[in-house]
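So you can see what is in the structure, the chains are spelled out below.
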Amino acid sequence: QVQMVESGGGLVQAGGSLRLSCVVSGLTIGSNGMGWFRQTPGNKEREFVAAIFGSTGDTTYADSLKGRFTISRDNGKNTDYLQINSLKPEGTALYYCAAHWRGYYDTSSSYRDWGRGTQVTASS
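Residues numbered from 1 in each chain as written. Predicted model: local features only at pLDDT ≥ 70, side-chain atom pairs only at ≥ 80, totals over all residues. Heavy atoms only, no water.

Colleague: Would you explain the overall build of the chain in this entry?
Modeller: The secondary structure content of the chain amounts to zero helices and eleven strands. Secondary structure of the chain in N-to-C order comes out as β-β-β-β-β-β-β-β-β-β-β. The globule rule puts the C-alpha radius of gyration for 124 residues at 14 Å, and the 13 Å found for the chain is close to it. Overall, the chain is about 40 × 30 × 25 Å in size when its C-alpha atoms are taken along their principal axes. Here the chain holds 124 residues, and 43% of them are scored as buried. At a minimum sequence separation of 6, the contacts of the chain that also span at least 24 residues come to 56%. Total accessible area on the chain is roughly 6,500 Å²; 45% of this is exposed by carbon and sulfur atoms. (Helix = DSSP H or I, 4+ residues; strand = E, 2+ residues; numbered from the N terminus. Rg over C-alpha atoms; globule rule 2.2 N^0.38 Å. Buried < 20%, exposed > 50% of the residue type's maximum accessible area, 1.4 Å probe, protein only. Contact = heavy atoms within 4.5 Å. Areas by Shrake-Rupley, 256 points an atom, 1.4 Å probe, with all protein chains shown as cover.)

Colleague: What is the right way to read the sheet that holds strand 8 (residues 79-84) from this model?
Modeller: Picture the strands of a sheet paired through backbone hydrogen bonds; they go either parallel or antiparallel. The strand order across the open sheet built from four strands is 1-3-8-7, with neighbouring strands paired in antiparallel fashion. Each having just a single partner strand, strand 1 (3-7) and strand 7 (69-74) make up the two edges of the open sheet. Between one strand axis and the next, the sheet turns through 20 degrees on average, direction left out of account. By the bridge criterion, six bridges tie strand 7 to strand 8 in an arrangement that is antiparallel. (Pairing = 2+ DSSP bridges. Axes fitted to C-alpha atoms, helices over the stretch in contact; angles between N-to-C directions.)

Colleague: Can you walk me through the state of the cysteines in this structure?
Modeller: Formally, a disulfide is one covalent bond, and it connects the sulfur atom of one cysteine to the sulfur atom of another. Per the stated rule, a full pass over the model turns up one disulfide. Residue pairing for Cys 22: its cysteine sulfur links by disulfide to Cys 97, the two sulfurs lying 2.0 Å apart. One disulfide, between Cys 22 and Cys 97, carries an S-S torsion of -75 degrees and so falls in the left-handed class. Taken together, the residues Cys 22 in strand 3 (residues 18-25) and Cys 97 in strand 9 (residues 93-100) connect sequence positions 75 residues apart. The same class applies to Cys 22 and to Cys 97, which are both buried. (Disulfide = S-S within 2.5 Å.)

Colleague: Where do I start with the environment of Glu 45 in this structure?
Modeller: Examined against the element boundaries, Glu 45 turns out to sit in the loop between strand 4 (34-39) and strand 5 (47-52). Its relative accessible area of 54% is what places Glu 45 among the exposed residues. Sequence-distant contacts of Glu 45, that is, excluding residues within four places in its chain, are made with Arg 38 and Gln 39.

Colleague: Looking at this model, I keep getting lost on the pattern of salt bridges. Mind explaining?
Modeller: Pairing of side chains with opposite charge becomes possible as their charged atoms draw close. If you walk through the whole model with that rule in mind, you get two salt bridges. Across the pair Glu 47 and Arg 38 runs a salt bridge whose closest N-O atoms are separated by 2.8 Å. Of the residues examined, Glu 47 reaches a relative accessible area of 34% and is grouped as partly exposed. Given a relative accessible area of 9%, Arg 38 falls into the buried group. The shortest N-O distance in the salt bridge between Asp 63 and Lys 66 comes to 3.3 Å. Residue class for Asp 63 comes out exposed when judged on its relative accessible area of 64%. (Salt bridge = Lys/Arg side-chain N within 4 Å of Asp/Glu carboxyl O.)

In structure tokens, the structure reads:
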């Protein structure tokens, strides 16, 4: 059974930084793509943030977030990370970690297993 547990969220002043973690069990992240998505209240859709490809470790980001968000992984700890810098108030959301299944990395339907999320709140 695949499980993912996110942590590291919290209340941060706009302009601040956070590092989110996603501890994965039941799946080897070194050979499976992983992604981060976020969802704001009242929005049914989860917005793509970043993904890291399983075999190569290459990364891809939402265009609007490039330069401020960095996805990485520690294969030894089977843990994914999302570094968020220069956080903006509109970055307030529930951030989810997910295991890629098939299809495009920037599409939520391409992911089969999800964590419960960690809340990030940016105060202005």
